[in-house]
Each structure stands twice: as structure tokens, then as C-alpha cells.
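Summary of structural features
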Amino acid sequence: MTQLEIPVVAFQESRVYDIHRGRCTGAPLFRNQTSRNDCVSSWIQAGGENMYGVLRGRFPARLIVLFKIRSGYMQQDTVYGLAGVQFMSLLDSRRPSDVHGVTCVHVPVTVHRSGQCRISYV
Amino acid sequence: MMDWIQGLLKNHVRQQACDDAWKALPPYPGFFVPKMAYREVKQWQTKELRNLGRCLLGVLTVALRQPDSTQVQRFRCALTCVRSLLDFTMMAQYRSHTPKTISYMEEYVTQFHETKDIFLEFRISKRTQEKADELSKELRRQRAQMRERVLPSQRRRIGDHNREQENDQRMELIPSESNFNFVKMHLISHFRDYIYMFSNIPMYSTQHGELAHKEQIKDGWRRSNKIDAARQILSSYGRQHAIRMRPLHLEFLQRAGADLPTEVVEHLEKTRPAPTPPANRRILKGRCDNIHDVVDYLRACNISLKTICWELIPYSRPSLPPQG
């Protein structure tokens, strides 16, 4: 599983969703070029809606692995898609700057130490 | 605007930082990752420029990070200016407007005009450049005459002073001669009126007309024998248009219940394209509400967290980035 289809509400159209295709190949190459682990910025809920200003409690993260779990013994033919994501560290007190309005993030070098890896239901 | 930004980055030795940020942009759905640094690209297409507009502010923010005490104010001003202009262009692309969005646009334009002076020195025209060069030459001539009468021990000090004077004179001349008086800059002040008069502005985009130019004019020109080409182009496109309209008319008649010959109905059914949903767009259907993350799922399945962690480690380990 290397592609995650994420429905994002279309701008100025509340009933229509755009499909964003997040690619995640892990370590293997993507089309004979570098491996691809897309960033997903607006759909990883990490807190309440009133947190982090315009981020509304969501955190930018990078896809590390996409996988499925089949629950054959509990519910027949039920498959849950899961994603392993790596959270990015937010700089500047986790709020957008008043000058440029951009929230600065950086990808932490180590992922195990601070528990920034998380598995999320997709 | 990119020329102004490049000028600013060059003055503050930040061009390399900008290129590095530009090349390091991560992949994102709907975003084309640039393969080359900004300075390496010789020719820009419209699609690439639109792409650039989406990520320019982020790249510039990274490039202008950690300024020294003399740069703080200038960088703040530059970022505010770029942000206001980009915000304005983004809002101008809205397909519907409210009084609030129009007032936002006006605010952005006002903010841009308040902060645009930071880029004034990069709006230098050829005439101003020539004038500045002439002034520099004149100063140097005067300096050469003075040097004959000056003692050799004083020459260095006077040389530094003269260079400073030359720079000051240049910096005085350039803002007084440069301006932002050009048509595109003036047009943005009329957007509010245009929106009230003509509704949304993207509706009047000429890019579709540019695309149609290829099919309607260039293909017709290639098919013609280049003698009285205009007439041949018109008739060629007219024929094509008529041929394409004919099946549509027949389909309409069929839907209306008209009695069409069997061959025509068979042909229509054979050539009718299968209805397909748009590739990138669809209505979201219902989702499972009671399970939000893996913990909820495990609870529902009565599996312990420890078990699933041991199962997942082999999957996640090869995909993790290398540790520094």
C-alpha cells in the first residue's frame, strides 16, 4: 500500500471533496527515483480544535508507512487502513508568525527518542 | 516581483539559502516538486509560476531566517510586502466573493503599498542606471583631480570617504528616480470595482483562449496550403465544429424520443463515451465514527497494545529515516 487517498473539503464548496493522493513508499524508490514520503499537514489531529491558532489542533506530519489490518475473526471482511506518521516539531511557540503568517516546522532527526511516531487511523 | 526578491537576497547574501530551501521542498499532493534551484531555471511556464506562488512565502521565510540586528527590520518589511501581494493574488482567484473578502483584498493592497519601498532600489530603470553611472564617473574624475594635491598618507582615508560618498549619492538617486508606476501595479487598485461590476475575475481568464488558439488557428494553418489561409482556417474549423455538433444533436433528439434510423442509434451507442467521475474530485461517503485511531480499533478487537506494537516494528523499521 503506497498511496493514501485523503478527501479534503474543496475550497468554497462544502459538499465536494478533493482527493489528495499522499504517496508513501517507505525506503524503496518511487518510479526509479528517490523514495517518497509525503507530508500530510492538515489532517493529523493532535489536540483540541482551539489549539495552535490556525492549525486548529492539527499537526504537520510525514507518512512513514501505510498498512492495513484485517479483522477477520471479529467482523467479517472489515479492513482498517492505518498510517505510521512522524510528527514534525513546530518552532516559534507553535503559532504562525505575525510577519509572514507561516508556521515553521522542522523534521526531527531521531524519531524514537521523543515518541514523535504515531499510528493513526485513516 | 521575483527580480526584486532576488535582488534583496543577493544584497544580503541569502541566495544560496533560498536555492537550498527551494530544492528541499517536500512532495505534497497537488504540488510539483521543483527539480532545479530557482536560479538554474531559464524559462518559466505558467503552471510553474503558479506553483511558485504557492510556496514562495515559505521558501523566503526559510531563506531569511536568523537575521542579524541590521537586517531584522528590512526582512520583516520584505516578508510583509511579499505576503500581502501573495495573499492578494490568492484572494483574487476566489470564485465567489463577499464584502469581507473584498475588504481583505483592499487591506492587502494597502499593506503592500505601505511596505513596497523596501524593493524600490531593485526597480531601477536603465535610464536611472545610466544616470547613476555618470554621476559616479563625475565623482571619480573630481577625485582624480583632488588626488594630485593630496599627501600620499591621506589618500587611503580620503579614498574610503569618497567611496562612501559615492554610495550615498547613488542610494539617494535611485529611490528618487525609481517608482512602482507601471500598469500591472495600478490595475490591482481597481479589482474591487471590477468584482462588483463583473463578478469573479478568474471567469475572464484568457488561458482557455490561448489553448483554443492551438486547435482553432494553428492546426488550421498547418492543414491549409498557405494561400488565402484565413479563409481555409475558418472553413476547416467550421467543418470540425459542425461534425462534432452533429452527434450531440442526434443524442438530444434520441433523448427527446425522436424516431431515428436504426444505424444512427447503433452508431450513437457505439460512440457514446462511458460516464466517468472526475479523476480528482468526488463526494465523500459515510465513514466509521466510533473508531478514530488504532487504540480505539484495538479496544474494539480486544487486542493488547503491546501485541500490535511488536507486530508493527518490522514494518516501520525499514521505512524510518536514517538517524543523524
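Along every chain, residues carry numbers that run from 1 in the direction the sequence is written. A letter from A marks each chain and a number from 1 marks each ligand, given out in the order of writing. Per-residue local features are limited, in this predicted model, to residues with pLDDT of at least 70; the limit for side-chain atom pairs, both in listing and counting, is 80 or more; totals at the level of whole chains, interfaces and linings are taken over all residues.

1. Regarding the overall build of chain A
Looking only at helices and strands, chain A features 0 helices and 8 strands. Ordered by position from the N terminus, the helices and strands of chain A form the series β-β-β-β-β-β-β-β. The burial label depends on the number of other C-beta atoms within 10 Å of a residue's C-beta. Counts of 20 or more mean buried, 12 or fewer mean exposed, and intermediate counts mean partly exposed, with C-beta atoms placed from the backbone. Out of the 122 residues in chain A, the part that is buried amounts to 22%. Per the convention used, a helix needs a DSSP run of H or I reaching at least four residues, while a strand needs a run of E reaching at least two, with both numbered from the N terminus.

2. Digging into the overall build of chain B
Assigned secondary structure in chain B consists of 14 helices and 1 strand. With 324 residues in all, chain B has 10% of them scored as buried. Placing a C-beta atom from the backbone of each residue, one calls two residues in contact when those atoms lie within 7 Å. Here the analysis covers contacts within chain B between residues at least 6 apart in sequence; of these, 58% occur between residues at least 24 apart.

3. Some thoughts on the confidence of the model for chain A
When pLDDT drops low, the exact placement of atoms in the prediction is not to be read closely. Summarising the model, chain A shows a mean pLDDT of 74, and 80% of its residues fall at 70 or more. Considering each helix and strand of chain A separately, the mean pLDDT is smallest for strand β8 (residues 117-121) of chain A, with a value of 67, and largest for strand β4 (residues 61-70) of chain A, with 81. pLDDT runs from 0 to 100 and stands for how confident the predictor is about each residue.

4. As for unusual backbone geometry
Residues and elements named next belong to chain B. The backbone of Q66 shows a phi angle near 55°, a positive value even though the residue is not glycine. One non-glycine residue, K226, lies in the positive phi region at around 70°. As for its placement among the helices and strands, K226 is situated in the loop between α10 (207-223) and α11 (229-255).

5. Considerations on the nonpolar core
All names here are of chain B. C18, V59, L60, A63 and V82 are the most contacted members of the largest nonpolar core, which totals 23 residues. Only α1 (2-11), α2 (15-23), α3 (46-63), α4 (72-92) and α5 (99-115) provide two or more residues apiece to this core. Examining the composition of this core, we find that 7 residues originate from one element, α4, more than from any other. Ignoring sequence-local partners within four residues, the contact set of V59 consists of C18, A21 and W22. Under the definition applied here, buried Ala, Val, Leu, Ile, Met, Phe, Trp, Tyr and Cys residues are grouped into a nonpolar core through C-beta atoms within 7 Å.

6. Side note on the environment of F119 of chain B
Residue and element names in this part refer to chain B. Structurally, F119 is set in the loop between α5 and α6 (126-149). For F119, a count of 20 C-beta atoms within 10 Å translates into the label buried. Considering only alpha carbons, one finds F119 and L8, 111 residues apart in sequence, at a separation of 7.4 Å.

7. As for α1 of chain B
Residues and elements named next belong to chain B. Looking only at α1, the buried set comprises I5, L8 and L9. Projection of α1 onto a plane perpendicular to its axis shows the buried side chains occupying an angular sector of 100°, all on one side. The outward face of α1, more than 90 degrees from its buried face, is lined by the exposed residues D3 and K10. Just beyond α1, the residue with positive phi is V13, at close to 50°. As used here, the arc is the angular range of directions from the helix axis to the C-beta atoms.

8. Here we look at the confidence of the model for chain B
Mean pLDDT over chain B: 80, with 88% of residues reaching 70 or higher. When pLDDT is averaged over each helix and strand of chain B, the minimum, 54, is found for strand β1 (residues 281-282) of chain B and the maximum, 91, for α5 of chain B.

9. A short note on the packing of α4 of chain B against α5 of chain B
Residue and element names in this part refer to chain B. The geometry of α4 relative to α5 is characterised by a closest axis approach of 8 Å and an angle of 150° between their N-to-C directions. When the axes of α4 and α5 are compared, the pair comes out roughly antiparallel. Where α4 crosses over α5, the two elements pack in a sense that is left-handed. Residues C77, T80, C81, S84, L85, D87, F88, M91 and A92 of α4 touch α5, and the partners they reach there are T101, Y104, M105, Y108, V109, Q111, F112 and T115. Note on residue classes: Ala, Val, Leu, Ile, Met, Phe, Trp, Tyr, Cys and Pro are nonpolar, Asp, Glu, Lys and Arg are charged, and everything else, Gly too, is polar. Across the contact of α4 with α5, the residue classes tally to 11 nonpolar, 5 polar and 1 charged. Simply put, an axis is a line fit to the C-alpha atoms, just over the touching stretch for a helix, and the angle between two N-to-C directions goes from 0 to 180 degrees. Reported orientations rely on four angle classes, namely roughly parallel under 35 degrees, roughly antiparallel over 145, roughly perpendicular from 65 to 115, and oblique for the rest. Each helix crossing is assigned a hand: it is left-handed if the near helix lies turned anticlockwise from the far helix by less than a right angle, otherwise right-handed if that turn is clockwise.

10. A few points about the environment of R170 of chain B
With respect to the element layout, R170 of chain B can be found in helix α7 (residues 152-177). Beyond its immediate chain neighbours, meaning those up to four positions away, R170 of chain B contacts A132 and S136 of chain B.

11. Brief notes about the pairing of β4 of chain A
Residues and elements named next belong to chain A. The sheet contact formed by strand β3 (residues 39-40) and β4 spans 2 bridges and is antiparallel. Its bridge partner being in β4, C39 is matched across the sheet by R62. Paired strands, as defined in this entry, are two strands with at least two bridges between them according to DSSP. Sheet topology note: the β4/strand β5 (residues 79-87) ladder contains 9 bridges and is antiparallel. Paired with R70 across the strands is V79, a residue of β5.

12. Considerations on the packing of α11 of chain B against helix α12 (residues 262-271) of chain B
Residue and element names in this part refer to chain B. At their nearest, the axes of α11 and α12 sit 11 Å apart, and the two run at 110° to each other. Considering the angle they form, α11 stands roughly perpendicular to α12. Here the hand of the crossing between α11 and α12 comes out left-handed. Across from P247, L250, E251 and Q254 in α11, the residues of α12 making contact are V264, V265, L268 and T271. Of the residues in the contact of α11 with α12, the class split is 5 nonpolar, 2 polar and 1 charged.

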